[in-house]
Amino acid sequence: MSKTLIIAEAGVNHNGDINTAKKLIDVAVDAKVDLVKFQTFKANSIVSKIAKKADYQVNNTKDESSTQYDMLKKLELSHEDHIELIKYCKSKGIEFFSTAFDVEGVNYLDSLNFQLFKIPSGEVTNYPYIKSIALKNKPVILSTGMCNLSEIEQAINILMENGIHRSDITVLHCNTEYPTPMEDVNLKAMKTIEQAFGVKIGYSDHTLGIEVPIAAVALGATVIEKHFTLDRNLSGPDHRASLEPLELKAMVSAIRNIEEAISGNAIKEPSKSEKKNKKIARKSIHLKKNVKEGEEITEDHIISLRPGDGISAMKWNEVIGQKVNKNLNEFHKLTWNDLL
């Protein structure tokens, strides 16, 4: 099995502060994720100045009066911020990644030599945006929160009509609620996407905890994306649905363990590590009473006991009716050489 691409989504959890962004990068490095992802946008090009915030944004920011524009304006990363964070990531040995939300942002990320593009759930129905990404001719990850299969199909078709090969598309099952209730995860839909479109699949997770992304890897996810924060109690739209540093580390460790656990050859046979335990754990036929030379063994004479290095208890019926060739004591482990 190939290694799962784990994307640690810092997103806007830097709260507009470059030093906080660097601390998030440090956390991602410590957790050994593959990519640390931010968000690239200008508020005035992705949302109107009167657009209301989503319920989860109101709840998580504890602010009903401000608009989406007000909230996002404070969370923008400047060109200088991008350059500084890219440089910082390189110094830490991790790859800087980001999501753009409009064509201008896509072109900007391309100018930074991005080798991979991510389409967020909110842009799945944005034709010019999807086309602009396709024309970059780079692998694409497509998140599908709020989508039905028809909408996913349309997005995939736009990508392919504009030069992206199906093998370069990874589709992430996702739920756009922060945090996502467990009953709304519907993880089996990830496999439905795989079967419907013949693409690589993954999962972008907004649940609390680490169980669901781990389960997604066990079901075949090739990409996992998960929000993380320095502190879930910080004010901001995404902190509450994010992992804290130790949780992120635990998730990565668990995913790597799951990769090992499902990487076998699918043949049911004794493993290298357990072969030595067969004699210890299994049972062989022993005597449960003294038996005299020439005496015929009945079921009342024998019992199955550990260790299993004598006559297998599966030979029970073959031993019954045979005679012993010497006097044998209670608890003697029978061998074929004991029988006439």
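All of these numbers come straight from a predicted model, not from anything done at the bench.

Peer 1: Looking at this structure, I do not really get the side chain of threonine 207. What am I missing?
Peer 2: When you line up the elements, threonine 207 lands in the loop between strand 7 (200-205) and helix 10 (211-218). Side-chain polar atoms of threonine 207 contact the side chain of aspartate 205, separated by 2.8 Å. Sequence-distant contacts of threonine 207, that is, excluding residues within four places in its chain, are made with Thr180, Met182, Val185, Val212, Lys226 and Ala241.

Peer 1: I'm lost on the pattern of salt bridges in this one. Help?
Peer 2: Per the stated rule, a full pass over the model turns up 19 salt bridges. One salt bridge in this structure joins lysine 22 and glutamate 84, with 2.6 Å as the shortest N-O distance. With lysine 22 in helix 1 (residues 18-31) and glutamate 84 in helix 5 (residues 79-92), this residue pair connects regions lying 62 residues apart in the sequence. What makes lysine 22 buried here is its relative accessible area of 18%.

Peer 1: Quick question: what am I supposed to make of the packing of aromatic side chains here?
Peer 2: The geometry of two aromatic rings is summed up by the distance between their centres and the angle between their planes. For the structure on display, the rule yields four aromatic pairs. Judged by centre distance (6.2 Å) and plane angle (85°), the rings of phenylalanine 96 and phenylalanine 114 are edge-to-face. Pair noted here: phenylalanine 96 is in strand 3 (residues 95-100) and phenylalanine 114 is in the loop between helix 6 (103-111) and strand 4 (117-119), with a separation of 18 residues, a long-range link. Summarising the burial analysis for this pair, phenylalanine 96 and phenylalanine 114 share the class buried. Between the aromatic rings of phenylalanine 97 and phenylalanine 114, the centroid separation amounts to 5.9 Å while the plane-to-plane angle is 25°, which identifies the pairing as stacked. Of the two residues, phenylalanine 97 is situated in strand 3 and phenylalanine 114 in the loop between helix 6 and strand 4; the sequence distance between them amounts to 17 residues. Of the two residues, phenylalanine 97 and phenylalanine 114, neither departs from the other in class, the shared state being buried. A connected cluster of aromatic rings, assembled from ring pairs, spans Phe38, Phe96, Phe97 and Phe114.

Peer 1: What exactly am I supposed to notice about the pairing of strand 7 here?
Peer 2: Successive residues of a regular strand alternate their side chains across the two faces of the sheet. The element strand 7 is largely enclosed, with a buried count of five among its six residues. With five bridges joining them, strand 6 (residues 169-174) and strand 7 adopt parallel strand pairing. Bridge pairing in strand 7 places histidine 173 opposite tyrosine 203. Viewed along the sheet, the connection from strand 6 through helix 9 (residues 188-197) into strand 7 turns out right-handed. Relative to strand 8 (residues 223-227), strand 7 is paired through four bridges, and the arrangement is parallel. Bridging from a neighbouring strand, serine 204 pairs with glutamate 225 of strand 8. The β-α-β motif built from strand 7, the intervening helix 10 and the parallel element strand 8 has right-handed crossover chirality.

Peer 1: I keep staring at the sheet that holds strand 7 and nothing clicks. Help me out?
Peer 2: Within a sheet, each strand pairs with its neighbour through backbone hydrogen bonds, oriented either parallel or antiparallel. Taken in spatial order, the eight strands line up as 3-2-1-8-7-6-5-4 in an open sheet, and their pairing is parallel. Each having just a single partner strand, strand 3 and strand 4 make up the two edges of the open sheet. Ignoring which end each strand starts from, the neighbouring axes of this sheet average 25° apart. The strands touched by helix 6 are strand 2 (35-40), strand 3 and strand 4; relative to strand 3, the strand with the most contacts, the crossing angle is about 160°. Together, strand 7 and strand 8 form the strand contacts of helix 10, whose direction differs from that of strand 7 by roughly 175°.

Peer 1: Before we go on, may I ask you to explain the environment of isoleucine 152 in this structure?
Peer 2: Inspection of the secondary structure assignment puts isoleucine 152 in helix 8 (residues 149-161). Taking the C-alpha atoms as reference points, isoleucine 152 and leucine 142, separated by 10 residues in sequence, lie 8.7 Å from one another. Those residues in contact with isoleucine 152 that lie beyond four places of it in its chain are Leu142, Thr144, Cys147, Val171, Ile193 and Phe197.

Peer 1: Would you take a moment to explain the environment of phenylalanine 38 for this structure?
Peer 2: The residue phenylalanine 38 is located in strand 2 in this model. In this structure, the C-alpha to C-alpha distance between phenylalanine 38 and asparagine 15, residues 23 residues apart in sequence, is 11 Å. When near neighbours in sequence (up to four residues on either side) are disregarded, phenylalanine 38 contacts Glu9, Ala10, Gly11, His14, Ala21, Ile25, Leu77, Leu85, Phe96, Phe97, Ser98 and Thr99.

Peer 1: Even after reading the chapter, I still don't get the pairing of strand 1 (residues 5-11), so can you show me in this structure?
Peer 2: With six of seven residues buried, strand 1 lies mostly within the body of the structure. Across four bridges, the pairing between strand 1 and strand 2 is parallel. By the bridge assignment for strand 2, glutamate 9 is matched with lysine 37. Assessed by its sense of winding, the connection that carries the chain from strand 1 through helix 1 to strand 2 is right-handed.

Definitions and cut-offs
Residues numbered from 1 in each chain as written. Predicted model: local features only at pLDDT ≥ 70, side-chain atom pairs only at ≥ 80, totals over all residues. Heavy atoms only, no water. Helix = DSSP H or I, 4+ residues; strand = E, 2+ residues; numbered from the N terminus. Polar contact = N/O pair within 3.5 Å; in protein donor to acceptor, adjacent residues only side chain to side chain. Contact = heavy atoms within 4.5 Å. Salt bridge = Lys/Arg side-chain N within 4 Å of Asp/Glu carboxyl O. Buried < 20%, exposed > 50% of the residue type's maximum accessible area, 1.4 Å probe, protein only. Phe/Tyr/Trp six-rings, centres within 6.5 Å; stacked < 30°, edge-to-face > 60°. Pairing = 2+ DSSP bridges. Right-handed = clockwise from strand over helix to strand, strands pointing away. Axes fitted to C-alpha atoms, helices over the stretch in contact; angles between N-to-C directions.

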